[in-house]
Amino acid sequence: MEIVRVPEVHEFPPEDQKFLEAGKAWFKIDFVPKMGRVLRVVPDFGRTYGRASRRAMSDGALSRAQKELIAATVSAINVCEY
Amino acid sequence: MAGVTHALNAVADGLRLPPEFSPSSRTPLLAVMEPGEATPEVKAAFDEIMTFYAMDRPPAVFRWMARDPGFFQDYWAATREAFRDRKLDRKMKEVLAFAASLTAKSDYGVDFHYREARRLGVSEQGMTEAIEVAQCFNTVTKIADALQLQPDFDPRPGTR
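Attention in this report is confined to the structure presented alongside it.

## A short note on the interface of chain A and chain B
Right, on to step 1. Taken together, the contacts link 34 residues of chain A with 36 residues of chain B.
Right, on to step 2. Overall, the association of chain A and chain B removes approximately 3,200 Å² of surface from exposure, summing both partners, and the carbon and sulfur fraction of that is 73%.
Right, on to step 3. Taken as a group, Ile70(A), Ile77(A) and Tyr82(A) account for 17% of the area that chain A buries against chain B, more than any other trio of residues on that side.
Right, on to step 4. Counting every contact that joins chain A to chain B gives one salt bridge.
Right, on to step 5. Residue Lys67(A) pairs with Glu129(B) through a salt bridge whose shortest N-O separation is 3.2 Å.
Right, on to step 6. Of all the elements in the fold, those that place two or more residues in the side of chain A that touches chain B are helix H2 (34-39), helix H3 (43-57) and helix H4 (64-77) of chain A.
Right, on to step 7. Broken down by element, the side of chain A that touches chain B gets its largest block of residues, nine residues, from H4(A).
Right, on to step 8. A class-by-class count of the residues in the side of chain A that touches chain B yields 23 nonpolar, six polar and five charged.

Below you can see the structure in the form of structure tokens.
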């Protein structure tokens, strides 16, 4: 079990709710992932980290699909179930 | 590919084998085979490895392995299979091996796979982006583990 309570989307300020909801389209899913919500618990961290991460994962010299493979590899090496 | 990379890095760094392409003061803890000492079968594999990686000497991690020719030949064949072009091309696999090496903090692997990815055509910008992604996911995996976040996705039926 999580050692912290993961807030629901409606508990965040409107600016953060908008970003979190946009994540559904980004990931093509019908829910807001826990990580996005956890990161926004400290707003000034979550907002800046969120922008940096979104920039890092966007199509560039490497495609977003290639970047997701890199992310999966990092997660595997770190043995991160999440 | 990730498993083979991780294992080769563990052996190379554990035995303190010097990086292949960067200056290093490392001294190997154990002797590696010199190409001149190789049997014909081992030499044939060494030649194949040098062609595969476009190197003028076999990488030290394979020269270590060659002390046991049977193991070496099979492990090299498995490595070649893991890295050859299939649904993912070899260039992308080298980027992934680089990310795996970076994440595992492997001096040997970072040096080796950065060079391989660049040699196979990944641009500096591409490598910069790969490092950014690795950095971001080293951030979130650490946070997820520290907070024991349960996965958002679970492929088992009835668990969502």
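Alright, that's what it looks like, and here's the rest.
## Observations concerning the nonpolar core
Right, on to step 1. Counting residues in each nonpolar core, the largest one holds 30 residues, and the members touching the most others are Ile70(A), Val95(B), Phe137(B) and Leu149(B).
Right, on to step 2. Broken down by secondary-structure element, the contributors of at least two residues to this core are H2, H3 and H4 of chain A together with helix H5 (90-103) and helix H7 (124-147) of chain B.
Right, on to step 3. With nine residues, H7(B) is the single largest residue contributor to this core.

Scoring rules and cut-offs
- Residues numbered from 1 in each chain as written.
- Chains lettered and ligands numbered in written order.
- Predicted model: local features only at pLDDT ≥ 70, side-chain atom pairs only at ≥ 80, totals over all residues.
- Heavy atoms only, no water.
- Contact = heavy atoms within 4.5 Å.
- Buried area = accessible area lost by both parts, 1.4 Å probe.
- Salt bridge = Lys/Arg side-chain N within 4 Å of Asp/Glu carboxyl O.
- Helix = DSSP H or I, 4+ residues; strand = E, 2+ residues; numbered from the N terminus.
- Nonpolar A, V, L, I, M, F, W, Y, C, P; charged D, E, K, R; others polar.
- Core = buried A, V, L, I, M, F, W, Y, C linked by side-chain atoms within 4.5 Å.
- Buried < 20%, exposed > 50% of the residue type's maximum accessible area, 1.4 Å probe, protein only.

The quantities given are spatial measurements derived from coordinates; they are silent on function.
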